[in-house]
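Below, each chain spelled out in residue letters.
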Amino acid sequence: MTAAAVPTTTWYLVLAAVLFGIGTVGVLVRRNPLIMLMCVELMLNAVNLSFVALSHQMGDIGGQTTVFFVMVVAAAEVVVGLGIIVAILRRKPNATADDLAELKG
Amino acid sequence: MLDLVWLIPALPLAGFALILLFGRRLGDPKAGYLATLMCSAAFVVTVGIYFDLLSKPSEERQHVYRLFSWVPVGSLKVDLSFLVDPLSITMCLFVTGVGALIHLYAIGYMHGDPRFSKFFLYLNLFALSMLLLVLGENMLVTFLGWEGVGTCSYLLISFWHERATAATAGKKAFITNRVGDWGFMLAMFFAFQATGTLSYIGINGAASTMAQTTATAIALFAFIGAVGKSAQLPLYLWLPDAMEGPTPVSALIHAATMVTAGVFLMCRISPVLNAASSYAPNLIAIIGVVTALFAATIAVAQNDIKRVLAYSTVSQLGYMFLAVGSGAYTAAIFHMITHAFFKALLFLGSGAVIHNMHHEQDMRRMGALRKLMPVTAATFIVGWLAIAGVPPFAGFWSKDDILLAAYDKSPVLWALGLITALLTAYYMTRQVIMVFYGEARWHDAHEEHGAHGDFEPHESPTIMLIPLVVLAVLSVIGGVINLPFNATTERLTSWLEPVLGVHESDTAKLPFALIAVAIALLGIAASIMIYSKHKAKPVEPEFLAEGWYYDAAVSGFMGGPGRAGFNAIAWFDANIVDGAVNGIAHVVRGTAQRLRTVQSGNVRNYAAAIGVGVVLLLAWFVIVRGSR
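Residues numbered from 1 in each chain as written. Chains lettered and ligands numbered in written order. Predicted model: local features only at pLDDT ≥ 70, side-chain atom pairs only at ≥ 80, totals over all residues.

Quick look at the overall build of chain B
Stated formally: Each helix is a run of H or I in the DSSP string that is no shorter than four residues. Each strand is a run of E no shorter than two, and both are numbered from the N terminus. With C-beta atoms placed from the backbone, a contact is any residue pair whose C-beta atoms sit within 7 Å.
Within chain B, the regular secondary structure consists of 24 helices and two strands. Within chain B, contacts between residues separated by at least 24 positions form 81% of all contacts whose residues are at least 6 apart in sequence.

Some thoughts on the overall build of chain A
Rules: Radius of gyration here uses only the C-alpha atoms, and the compact-globule reference equals 2.2 Å multiplied by the residue count raised to the power 0.38. Working definition of burial: number of other C-beta atoms within 10 Å of the residue's own, with buried at 20 or more, exposed at 12 or fewer, and partly exposed in between, all C-beta atoms being placed from the backbone.
Scanning chain A from terminus to terminus reveals three helices and zero strands. In sequence order, chain A lays out its α and β elements as α-α-α. Taken over the C-alpha trace, chain A has a radius of gyration of 18 Å; the compact-globule value for 105 residues is 13 Å, which it surpasses by more than 25%. With the C-alpha coordinates aligned to their principal axes, the bounding extent of chain A is approximately 55 × 35 × 25 Å. Taken over 105 residues, chain A has a buried fraction of 12%. Long-range pairs, those at least 24 residues apart, make up 47% of the contacts in chain A with a sequence separation of at least 6.

Looking at the interface of chain B and chain A
As a reminder of what qualifies: Only Asp, Glu, Lys and Arg are considered charged in this grouping, and only Ala, Val, Leu, Ile, Met, Phe, Trp, Tyr, Cys and Pro are considered nonpolar; every other residue, Gly among them, is considered polar.
On the side of chain A, eleven residues touch chain B, which itself brings twelve residues to the contact. Of the residues that constitute the side of chain B that touches chain A, the class distribution is four nonpolar, six polar and two charged.

Some details on the nonpolar core
Residue and element names in this part refer to chain B. Defined as follows: By convention the nonpolar core is taken to be a set of buried residues drawn from Ala, Val, Leu, Ile, Met, Phe, Trp, Tyr and Cys and joined through C-beta atoms within 7 Å.
Ranked by size, the top nonpolar core spans 212 residues in total, and within it Ile218, Ala219, Ala222, Val263, Ala332 and Ala344 carry the most contacts. With 17 residues, helix H14 (residues 329-356) is the single largest residue contributor to this core. Those residues in contact with Ala332, other than ones at most four positions away along the chain, are Val263, Cys267, Met320, Ala323 and Val324.

Some points on unusual backbone geometry
With an omega dihedral of 0°, the bond running from Leu233 of chain B to Pro234 of chain B counts as a cis peptide bond. Mapped onto the elements, Pro234 of chain B comes out in the loop between helix H7 (212-229) and helix H8 (238-241). Phi is positive for Asn94 of chain A, close to 65°, though the residue is something other than glycine. Tracing the backbone shows Asn94 of chain A in the segment after helix H3 (62-91). Classification of Asn94 of chain A by C-beta neighbours within 10 Å gives exposed; the count is 7. For Ala231 of chain B, which is not a glycine, the phi torsion comes out positive at approximately 55°. Within the secondary structure layout, Ala231 of chain B lies in the loop between H7 and H8. Residue class for Ala231 of chain B comes out buried when judged on the 30 C-beta atoms lying within 10 Å of it.

Considerations on the packing of helix H9 (residues 247-256) of chain B against helix H13 (residues 305-325) of chain B
Residue and element names in this part refer to chain B. Rules: Every axis in this analysis is a line fitted to C-alpha atoms, fitted for helices over the stretch in contact. Angles between the N-to-C directions lie between 0 and 180 degrees. Roughly parallel covers angles under 35 degrees, roughly antiparallel covers those over 145, roughly perpendicular covers 65 to 115, and oblique covers all other angles.
Contact pair H9 / H13: the axes reach a minimum separation of 11 Å and the direction vectors enclose 10°. Our classification of the angle between H9 and H13 gives roughly parallel. Of the residues in H13, those in contact with Thr247, Ser250, His254 and Ala255 of H9 are Lys306, Ala310 and Thr313. Residues of the contact of H9 with H13, tallied by class, amount to two nonpolar, four polar and one charged.

Considering the environment of Thr66 of chain A
Among the structural elements, Thr66 of chain A can be located in helix H3. Along the backbone, Thr66 of chain A and Ser55 of chain A are eleven residues apart, and their C-alpha atoms lie at a distance of 10.0 Å.

Describing helix H17 (residues 411-436) of chain B
Residue and element names in this part refer to chain B. Threshold: In this analysis, the expected span of each helix is defined as 1.5 Å times one less than the number of residues it contains.
Here H17 spans 37 Å end to end across 26 residues, near enough to the 38 Å set by a 1.5 Å rise per residue. Within H17, 21 of the 26 residues are buried, leaving the element largely enclosed by the surrounding structure. Count one or two residues on from H17 and you reach Gly438, which has phi positive near 70°.

Focus: the pairing of strand S1 (residues 63-73) of chain B
Residue and element names in this part refer to chain B. To keep things clear, this is the line we draw: We treat two strands as partners when DSSP finds at least two bridges between them.
Burial analysis of S1 places just one of its eleven residues in the buried class, a small minority of the element. As judged from the nine bridges shared by S1 and strand S2 (residues 76-84), these two strands associate in the antiparallel manner. Note on S2: the bridge partner recorded for Tyr65 is Phe82. In textbook terms, the turn of a hairpin is the stretch between consecutive antiparallel strands, and for S1 and S2 this stretch comprises two residues, one of which, Gly74, has a positive phi near 55°.

A look at the confidence of the model for chain B
Keep this limit in mind: For every residue, the pLDDT score states the predictor's confidence, bounded by 0 at the bottom and 100 at the top.
The predicted model of chain B averages 88 in pLDDT, with 98% of residues at 70 or higher. For this predicted complex, the interface score ipTM comes out at 0.81, alongside a pTM of 0.78.

As for the packing of helix H1 (residues 7-54) of chain B against helix H2 (residues 86-109) of chain B
Residue and element names in this part refer to chain B. Note the cut-off: Here a crossing is taken to be left-handed if its near helix is turned anticlockwise relative to the far helix by less than a right angle, and right-handed if that turn runs clockwise.
Put simply, H1 and H2 touch, their axes get as near as 9 Å, and they point 150° apart. In the crossing of H1 with H2, the sense of the turn from one axis to the other is left-handed. Here the residues of the contact of H1 with H2 are counted per class, giving 18 nonpolar, eight polar and no charged.

Examining the environment of Ser75 of chain B
Structurally, Ser75 of chain B can be placed in the loop between S1 and S2. A sequence separation of 121 residues divides Ser75 of chain B from Gly196 of chain B, and the C-alpha atoms of the two residues are 7.5 Å apart.

A short note on H9 of chain B
All names here are of chain B. Of all ten residues in H9, ten are buried, a share of seventy percent or more. Here H9 has its buried residues at Thr247, Pro248, Val249, Ser250, Ala251, Leu252, Ile253, His254, Ala255 and Ala256. Contacts from the buried residues of H9 go to H2, helix H3 (116-135), helix H4 (139-157), H8, H13 and H14.

Points about the environment of Leu423 of chain B
Residues and elements named next belong to chain B. For Leu423, the location among the structural elements is in helix H17. Considered as a pair, Leu423 and Leu121 are 302 residues apart in the sequence and their alpha carbons are 38 Å apart. Filtering out sequence-adjacent residues up to four positions away, Leu423 remains in contact with Ala296, Thr297, Val300 and Gly523.

Structure, rendered in structure tokens:
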């Protein structure tokens with residue numbers, strides 16, 4: 001039995017990349033605005049994860065501090081974004097992101 | 001007392017504002033009395049300031065009254081301030097004095113006009129602008145007044161704008177004046193560039209250290225402005241047509257005050273003119289004397305009573321520029337004052353004739369009015385003797401002063417001036433004979449009309465006669481302000497000396513005076529022989545009646561090649577300039593039309609574009625930058 005593999009920074013970065021990819025694909029292919037918002041959050045948190053991992057590896061607290069800022073901004077963004085989505089769905093129930101093309105040039 | 005100078009323009013301004021607000025309610029004739037009162041009050045204030053100034057020693061006779069800072073922009077600081085010195089107060093004295101008399105006269109002349117109060121509104125606005133012009137301490141205030149009098153001139157020439165000729169004459173005056181204003185503005189710009197200030201004290205103070213070419217440029221561009229305003233060749237065209245306005249306007253604006261603004265400006269910046277190259281004053285003297293002679297020849301063949309006087313005004317203004325060009329600024333101002341007296345008198349006299357002949361202006365339909373209008377005739381004759389240069393009337397002294405200065409400059413100028421004096425005496429005598437002597441030619445004229453029945457011209461109301469009498473007295477004794485006998489009788493010269501300097505001359509005066517008198521008498525005698533005794537046929541060739549076809553030539557040029565040229569410029573503007581602008585707009589619109597499809601409105605497309613962009617940026621960083 002080999003010794004339990006010790007998670008290295010690479011693991012976390014790979015996980016972050018995978019999460020980021022899932023988020024990106026979600027934003028691009030899903031049409032439900034709520035799901036798209038969640039995917040954006042996923043991408044943000046993937047970035048946060050890479051920040052924390054690298055911060056730990058380098059022994060620099062700056063990365064973790066940045067994460068707090070990102071989380072605060074993300075929280076604010078969720079408030080605004082959810083507000084907009086709720087307003088849209090009230091006017092047009094079952095609207096998809098593709099239906100919301102009033103600003104088409 | 002000197003600090004009350006703001007009252008001088010403020011009083012006509014108050015008159016203007018009051019008539020603007022209550023003019024209709026005041027009506028005929030109260031609005032006229034109000035305007036006259038304001039102008040007279042300004043005259044009284046001016047007299048007060050004059051005596052205050054007189055009581056000071058001559059080197060202290062300069063006072064700047066600053067009202068407020070008008071244009072503070074960077075290094076350009078222009079105040080609305082007034083310069084009180086002998087020159088400006090002299091101008092104010094006759095502007096307000098003659099102005100008040102003409103206001104009074106206009107009450108009678110304009111009586112019954114439907115726009116009576118509006119006329120006095122304009123008249124007071126004119127007085128205000130003219131006083132700003134002469135009192136201004138810097139070129140910008142003068143320019144404000146300069147444009148103001150131009151506007152009032154336009155409004156008053158076309159006062160009876162129902163007549164197409166009056167409306168056209170107004171436009172002609174305005175446009176011709178704009179040509180000159182261009183010169184004034186350039187002179188201002190040059191002066192500011194050279195000295196960093198627009199104040200006359202600053203500019204004149206810097207004149208001695210100024211580069212000669214700069215001084216020449218300022219003087220000549222100011223002269224272009226003066227040529228436009230004072231109706232000299234080649235921009236005199238508007239003044240004869242300006243006679244379409246009511247006669248008090250002709251007397252006030254187009255004889256006594258506004259048209260002398262150009263002469264005033266040249267005197268105001270005389271130190272700059274003195275610092276200029278010698279060809280600048282030479283040019284001014286030549287244009288002056290040529291205009292004087294040119295206009296006098298035209299006046300010989302005119303039949304309209306006012307047009308004779310209009311050309312005569314152009315001619316007399318030419319004399320003033322001859323004096324300016326000869327360096328005799330005081331002589332120019334002296335002639336300006338006496339001219340204001342006798343020319344206003346002649347215009348008002350002609351106005352009285354026109355008024356009582358029911359707007360007949362053709363002298364061929366007048367004659368023998370002497371008995372019917374004794375006061376008008378007597379005063380007109382005084383004006384005639386004054387302008388003809390018969391001693392001891394005012395015109396003799398001032399004209400003699402100018403001719404003497406011209407002789408010091410060049411005998412040719414003097415000779416041309418003398419010929420002009422001969423013609424002046426000739427055509428003015430012709431006018432007096434045609435209007436007041438000979439046989440009455442108005443009976444048959446009005447029988448043709450048939451409307452007036454037993455029409456007979458009669459004397460004007462007293463309110464019109466008072467100004468005539470006052471001006472006649474001034475035309476007789478006006479010369480006393482500057483008698484050329486010795487230093488104490490040359491009052492005007494010593495009064496203006498701090499501003500204008502003295503024109504040194506050691507030419508003996510008496511022979512010239514005798515020659516001038518002889519010439520004047522010769523002109524009068526010739527005219528009497530031709531028009532009264534009918535010894536010879538009148539010489540009134542067609543080309544003189546038409547003003548040497550100058551007007552027709554300008555109209556022909558502007559109507560033919562000029563119009564074609566302007567049409568070509570308009571075509572260039574419409575097609576090339578506008579075409580370039582429209583072309584750019586067209587290209588932008590076409591491009592935008594294509595580009596706007598990029599804005600699909602589809603959020604996921606935008607997200608994909610951002611994603612692709614991020615990937616490309618990363619690729620660039622990794623591959624291109626990373627490989628270094």
